[in-house]
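Spelled out, the chains give:
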Amino acid sequence: MSELALVVLAAGMGTRMKSALPKVLHKIAGRSMLAHVLHAGKALGAARVVVVHGPDMIAVEKEAANVITDCAFAEQSERLGTGHAVSMAKDALLGFKGVTLVLYGDVPLITAETLKGLLAKLDAKHKMAVLGFEAENSHGYGRLITKNKDVLDIREQLDASPRERKIKLCNSGIMALDNALLWQIMPKLLNKNAKGEYYLTDLVKLANKAKTKVALAMCGETEVAGVNDRNQLSVLERAFQREARCAAMEQGATLIDPDTVYFSADTKLGQDVVVEPNVYFGPKVIVADDVEILANSHLEGCVISSGARIGPFARLRPGAEIGENAHIGNFVEIKKAKVGKGAKANHLSYIGDAVVGPGSNIGAGTITCNYDGYEKHLTEIGAHVFVGSNSSLVAPVKIGAGANIAASSVITRDVPADALAMTRPELQIKEGWAKRYRAVKQAAKDSKRK
Ligand code: UD1
Ligand code: CA
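Residues numbered from 1 in each chain as written. Chains lettered and ligands numbered in written order. Predicted model: local features only at pLDDT ≥ 70, side-chain atom pairs only at ≥ 80, totals over all residues. Heavy atoms only, no water.

Novice: In this structure, what is going on with the overall build of the chain? I would like to understand it.
Specialist: Tallying secondary structure elements over the chain gives nine helices and 33 strands in all. Taken over C-alpha atoms, the radius of gyration comes to 31 Å for the chain, far larger than the 22 Å a tight globule of 450 residues would show. Overall, the chain is about 105 × 60 × 40 Å in size when its C-alpha atoms are taken along their principal axes. Out of the 450 residues in the chain, the part that is buried amounts to 48%. Sequence-distant contacts in the chain: of pairs separated by 6 or more residues, those separated by 24 or more amount to 43%. Only carbon and sulfur atoms are counted for the fraction: they give 52% of the accessible area of the chain, which is about 22800 Å². Taking the average place of the 57 positive charges on the side chains of the chain and the average place of its 48 negative ones, the gap between the two points comes to 5 Å. (Helix = DSSP H or I, 4+ residues; strand = E, 2+ residues; numbered from the N terminus. Rg over C-alpha atoms; globule rule 2.2 N^0.38 Å. Buried < 20%, exposed > 50% of the residue type's maximum accessible area, 1.4 Å probe, protein only. Contact = heavy atoms within 4.5 Å. Areas by Shrake-Rupley, 256 points an atom, 1.4 Å probe, with all protein chains shown as cover. Lys, Arg positive; Asp, Glu negative; His and termini not counted. Charge placed at Lys NZ, Arg CZ, Asp CG, Glu CD.)

Novice: Would you explain the site of ligand 1 in this entry?
Specialist: Neighbouring ligand 1 are 19 residues; Gln76, Gly81, Thr82, Glu156 and Asn171 lie closest to it. Between an oxygen atom of ligand 1 and a side-chain N or O atom of Arg79, the distance comes to 3.5 Å. In the model, an oxygen atom of ligand 1 is placed 2.9 Å from a nitrogen or oxygen of the Gly142 main chain. Within the complex, 86% of the 750 Å² of free accessible area of ligand 1 lies under protein. Broken down by secondary-structure element, the contributors of at least two residues to the shell around ligand 1 are α3 (82–87) and β10 (169–178). When grouped by side-chain class, the residues that make up the shell around ligand 1 number seven nonpolar, eight polar and four charged. (Near = heavy atom within 4 Å. Polar contact = N/O pair within 3.5 Å; in protein donor to acceptor, adjacent residues only side chain to side chain. Nonpolar A, V, L, I, M, F, W, Y, C, P; charged D, E, K, R; others polar.)

Novice: Quick question: what am I supposed to make of the environment of Gly402 here?
Specialist: Here Gly402 shows up in the loop between β30 (397–399) and β31 (404–405). Judged by its relative accessible area of 29%, Gly402 falls in the partly exposed class. Along the chain, Gly402 and Gly382 lie 20 residues apart, while their C-alpha atoms are 7.1 Å from each other. For Gly402, the contacting residues outside a window of four places in its chain are Ala383, His384, Val385 and Asp418.

Novice: I would appreciate a short explanation of the pattern of salt bridges in the present structure.
Specialist: Any two side chains of opposite charge can pair if their charged atoms end up close together. Under the defined criterion, the tally for this structure stands at six salt bridges. The closest approach of N and O atoms between Glu333 and Arg317, which form a salt bridge, is 2.5 Å. One end of the pair, Glu333, is in strand β23 (residues 327–339); the other, Arg317, is in the loop between β21 (314–316) and β22 (320–322), and 16 residues separate them in sequence. Judged by its relative accessible area of 22%, Glu333 falls in the partly exposed class. One salt-bridge network, in which partners are shared between bridges, spans Asp153, Arg155 and Glu164. (Salt bridge = Lys/Arg side-chain N within 4 Å of Asp/Glu carboxyl O.)

Novice: Is there a simple way to think about helix α1 (residues 33–43) in this case?
Specialist: It helps to recall that an α-helix has 3.6 residues per turn; residues three or four apart then point in one direction. Counting buried residues along α1, eight of its eleven residues qualify, which places the element largely inside the surrounding structure. Among the residues of α1, those classed as buried are Met33, Leu34, Ala35, His36, Val37, Leu38, Ala40 and Gly41. Immediately downstream of α1, the backbone of Gly45 shows phi near 70°, a positive value.

Novice: Would you explain the nonpolar core in this entry?
Specialist: Nonpolar side chains tend toward joint burial in soluble globular proteins. Ranked by internal contacts, the top residues of the largest apolar core, which has 75 residues, are Leu38, Val51, Leu101, Met128, Ile174 and Leu203. Excluding its chain neighbours within four sequence positions, the residues that come into contact with Met128 are Leu122, Met175, Ala176, Leu177, Leu181, Leu203, Val204, Ala207, Thr212, Lys213, Val214 and Ala215. Membership of the second largest hydrophobic core comes to 58 residues, among which are Ile28, Val356, Ile362 and Val397. (Core = buried A, V, L, I, M, F, W, Y, C linked by side-chain atoms within 4.5 Å.)

Novice: In this structure, what is going on with the side chain of Asn193? I would like to understand it.
Specialist: Following the sequence through the fold, Asn193 ends up in the loop between α6 (179–185) and α7 (203–209). A polar side-chain atom of Asn193 sits 2.8 Å from the main-chain amide nitrogen of Gly196. Sequence-distant contacts of Asn193, that is, excluding residues within four places in its chain, are made with Asp159, Tyr199 and Asp202.

Novice: Looking at this structure, I do not really get the pairing of β10. What am I missing?
Specialist: Looking down a regular strand, the side chains alternate between one sheet face and the other. A large share of β10 lies buried, amounting to nine of its ten residues. The sheet contact formed by strand β6 (residues 98–104) and β10 spans four bridges and is antiparallel. Paired with Val102 across the strands is Met175, a residue of β10. Relative to β10, strand β7 (residues 126–134) runs antiparallel, the two sharing six bridges. Counted as the bridge partner of Val130 is Met175 from β10. (Pairing = 2+ DSSP bridges.)

Novice: Could you clarify how one ought to interpret the state of the cysteines in this entry?
Specialist: Here, disulfide denotes a covalent bond that connects the sulfur atoms of two cysteines. Scanning the entire structure with this criterion turns up zero disulfides. Here Cys170 is not disulfide-linked; the sulfur of Cys219 is the nearest cysteine sulfur, at 11 Å. Among the residues examined, Cys170 registers a relative accessible area of 0% and is labelled buried. (Disulfide = S-S within 2.5 Å.)

Novice: I keep staring at the layout of surface pockets and nothing clicks. Help me out?
Specialist: If you roll a probe as big as a water molecule over the atoms, it shows you where there is empty space left. Roughly 1500 Å³ of internal volume is contained in the largest pocket. In this structure, the largest pocket is lined by 45 residues; those nearest its centre are Arg79, Thr82, Tyr104, Asp106 and Asn228. The biggest single contributor to the lining of the largest pocket is helix α8 (residues 230–250), with four residues. Partitioned by chemical class, the residues of the lining of the largest pocket number 19 nonpolar, 18 polar and eight charged. (1 Å grid on protein atoms, 1.4 Å probe; cavity = no way out; pocket = protein on both sides within 12 Å on 5 of 7 lines; lining within 4 Å. Points joined across faces, edges and corners; volume = space filled by probe spheres on them.)

Novice: Would you mind showing me how to read the packing of aromatic side chains here?
Specialist: Aromatic rings considered in pairs are described by the distance between their centres and by the relative angle of their planes. A complete count under the given rule lists five aromatic pairs for this structure. Measuring from ring centre to ring centre gives 5.0 Å for Phe133 and Tyr141, while their planes differ by 90°; the resulting arrangement is edge-to-face. Phe133 sits in the buried class, given a relative accessible area of 1%. Their ring planes at 25° and their centres at 6.3 Å tell us that Tyr262 and Tyr280 sit as a pair that is stacked. Here Tyr262, found in the loop between β12 (253–255) and β13 (268–269), pairs with Tyr280, found in strand β15 (residues 280–281); they are 18 residues apart in sequence, far enough to count as distant. In this structure Tyr280 comes out as partly exposed when scored by relative accessible area, which is 40%. Across from the ring centre of Tyr262, 5.0 Å away, lies the NZ or CZ of Arg245, which sits over that ring. (Phe/Tyr/Trp six-rings, centres within 6.5 Å; stacked < 30°, edge-to-face > 60°. Lys NZ or Arg CZ within 6 Å of the ring centre and 35° of its normal.)

So, in structure tokens, the structure goes:
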């Protein structure tokens, strides 16, 4: 197979998004639309990637480089049409011997499988291929003029005759063609059309003139749906989530109420994971086998080892690493902390910037006081430590293995292994005090009423 280059169009600011952020940086399932497209392209093993962006879009370059380290960029400073946008990639593709695939930064759900199907249509006779779909409502799309399963031309909505407008077969915009052919016919594009733009779609007619056929590959409408506003963004988010839930279940996770579980594009679940309702997976979550995630938990940037139980109502923040068979219970927040094998923090705690040794038990209401207003400090808890309820561990501080922290203690110094640490005023008991107190108070209340 010949080498592949991608041209990703990402020039539009997307005025209808009403946003300071370039359109392609808006996210679906925690990943920018641009990154979705680049990941699909990366899966095809593209040798070169060129992102065409608008003026002052440094953020777009940064985002693209996160996915494709050696990504090339071209700027389209004037919006003169899709053909003009692709032509900006000329320098970056000079002399490239292979196939160029045009993708759109605002068409994020395209899959590598579909793109492979499109590329597979290229052969000696077909040096170009177009990805089409049957539109439920074809209004606004370019219509594919075909003959014997090949594409002869694409007619844009505004330029189409009433008869052509009846065609249901539409252009997704995505196309693949021999790179040499692309730059041979590109200079012949004209802007004599209803929009006064250089239409990329006119390359089909020009390719036919240059004596090559243009093949047609088909895909579903959702995969090539574009985003122009935030309503459309939400429609694609929903479509993505539907797919992600099905995929999670196909790969061996039980979702008790799939419609209430939200995944990120990079969420990884092991086998026999059970996810209860209302669980949100933010970016970068890796879950091993046999983990239970109970209802109403929010997870991001964390790794959960096998057999662990999380929630209900747990919050795992970036850097949380939960060991095998550990339990993180209700209203427990873990940030940048390693919780050892079999350790438990079952109720109402904040464990941040910490290491909790295996088998340790963190009592209800324990707080690692990690922040002094200026810097974050580490709390190190050894193995099999027992931290009594409502304790404050003022970092930096170390609790030795097997130590016991009495309930309600404020630990400001290191505690040696196997020691008891306790900060607690003497307990006072005053016999009969409560009864006398009630009598006095009640008498005062009664005298006021009279
Ligand atoms: C385009 C296709 C149409 C297809 C439809 C699919 C052309 C001429 N028409 O129409 O056949 O059915 O997409 O959605 O290609 N862009 C630039 N620079 C420009 C113009 C556009 O980068 O100068 C980018 C846009 O940001 C967008 C994409 O190209 O990502 C498509 O442009 P748009 O103006 O939306 O084209 P359509 O009229 O929808
Ligand atoms: Ca469009």
